[in-house]
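Chain by chain, the residues run as shown.
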Amino acid sequence: MTITLAQLLSEARTQVHEIEIAEAKSMFGAPGVVVLDVRDSKELNSGMIPGAQHAQRGMLEFYLDRESDLFLPALRDQTALVMVCGSGGRATLAARLAADMGWHALVLKGGMKAWRAANQDLVFP
């Protein structure tokens, strides 16, 4: 049985869901969806997911807080939030923090390796 985005988002407040990159592919660029790539600044040279917002761990709570001066502009009018990062544990912690702060949070399973494998056919400017 396939779980829809609406179902995942309705449950995201109580638990963190992991979804496969292939399932999430149609969500990239969709209205209301922001992709955050959570990593340390020293890791930026390893490449980020195209179109993602860099969210440095340790600063995430400030980026996600609507009252913060550091609140990410990309989130201003968004309703859904997809968390992406290289390590599963880091992604889960980030998604839990986002959910605690009132955002819908999902974890993309497999990080960058899975993203690259699933999106070899996509071309970004």
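See the structure printed just above.
Everything numeric in this text was worked out from a predicted model, so none of it was measured. (Residues numbered from 1 in each chain as written. Predicted model: local features only at pLDDT ≥ 70, side-chain atom pairs only at ≥ 80, totals over all residues. Heavy atoms only, no water.)

A. Geometry of the overall build of the protein chain. The number of helices and strands found in the protein chain is 5 helices and 5 strands. Taken from the N to the C terminus, the helices and strands of the protein chain come in the order α-β-α-β-β-α-β-α-β-α. Within the span of the protein chain, comprising 125 residues, buried residues form 40% of the whole. Split by element, the accessible area of the protein chain, about 7,100 Å² in all, is 52% carbon and sulfur. (Helix = DSSP H or I, 4+ residues; strand = E, 2+ residues; numbered from the N terminus. Buried < 20%, exposed > 50% of the residue type's maximum accessible area, 1.4 Å probe, protein only. Areas by Shrake-Rupley, 256 points an atom, 1.4 Å probe, with all protein chains shown as cover.)

B. Highlighting the sheet that holds strand β5 (residues 105–109). The sheet built from 5 strands is open, its strands ordered β1-β5-β4-β2-β3 with parallel pairing. In this open sheet, the two strands that pair with only one neighbour each are β1 (17–20) and β3 (53–55). Across this sheet, the average inter-strand angle for adjacent strands is 35°, counted without regard to direction. Of the pairings in the sheet, the one linking strand β2 (residues 33–38) to strand β4 (residues 80–85) comprises 6 bridges and is parallel in character. Its bridge partner lying in β4, Val33 is registered against Ala80. (Pairing = 2+ DSSP bridges. Axes fitted to C-alpha atoms, helices over the stretch in contact; angles between N-to-C directions.)

C. Molecular detail of the packing of aromatic side chains. Tallying each qualifying case throughout the model produces 1 aromatic pair. Ring centres of Phe71 and Trp103 lie 6.1 Å apart, and the angle between their planes is 25°; on these two criteria the pair is classed as stacked. In this pair, Phe71 sits in the loop between α3 (60–64) and β4 while Trp103 sits in the loop between α4 (88–100) and β5, placing the two residues 32 residues apart along the sequence. A relative accessible area of 4% means that Phe71 is categorised as buried. Given a relative accessible area of 1%, Trp103 falls into the buried group. (Phe/Tyr/Trp six-rings, centres within 6.5 Å; stacked < 30°, edge-to-face > 60°.)

D. Here's a closer look at the nonpolar core. Residues Leu36, Leu60, Leu64, Leu75, Leu81 and Met83 are the most contacted members of the largest nonpolar core, which totals 20 residues. Secondary-structure elements contributing two or more residues to this core are β2, α3, β4, α4 and β5. Per-element tally for this core: the top contributor is α4, with 4 residues. Discounting residues that sit within four places of it in the chain, Leu81 has contacts with Val34, Leu36, Leu64, Leu75, Ala98, Trp103, His104, Ala105 and Leu106. The next biggest cluster of nonpolar side chains, apart from the first, holds 13 residues, and it includes Ile21, Val35, Val82 and Leu108. (Core = buried A, V, L, I, M, F, W, Y, C linked by side-chain atoms within 4.5 Å. Contact = heavy atoms within 4.5 Å.)

E. Region of the structure containing the side chain of Thr92. Here Thr92 lies in helix α4. The exposure class of Thr92 is buried, given its relative accessible area of 19%. Apart from the residues lying within four places of it in its own chain, the contact partners of Thr92 are Val16 and Val107.

F. Region of the structure containing the environment of Gly102. Take Gly102: it is sitting in the loop between α4 and β5. Separated by 37 residues in the primary sequence, Gly102 and Asp65 have C-alpha atoms spaced 9.2 Å apart.

G. Examining the pairing of β4 more closely. The buried fraction of β4 amounts to 6 of the 6 residues, a majority that puts the element mostly inside the structure. Going residue by residue along β4, you find Ala80, Val82 and Val84 tucked away on one face and Leu81, Met83 and Cys85 tucked away on the opposite face as well.

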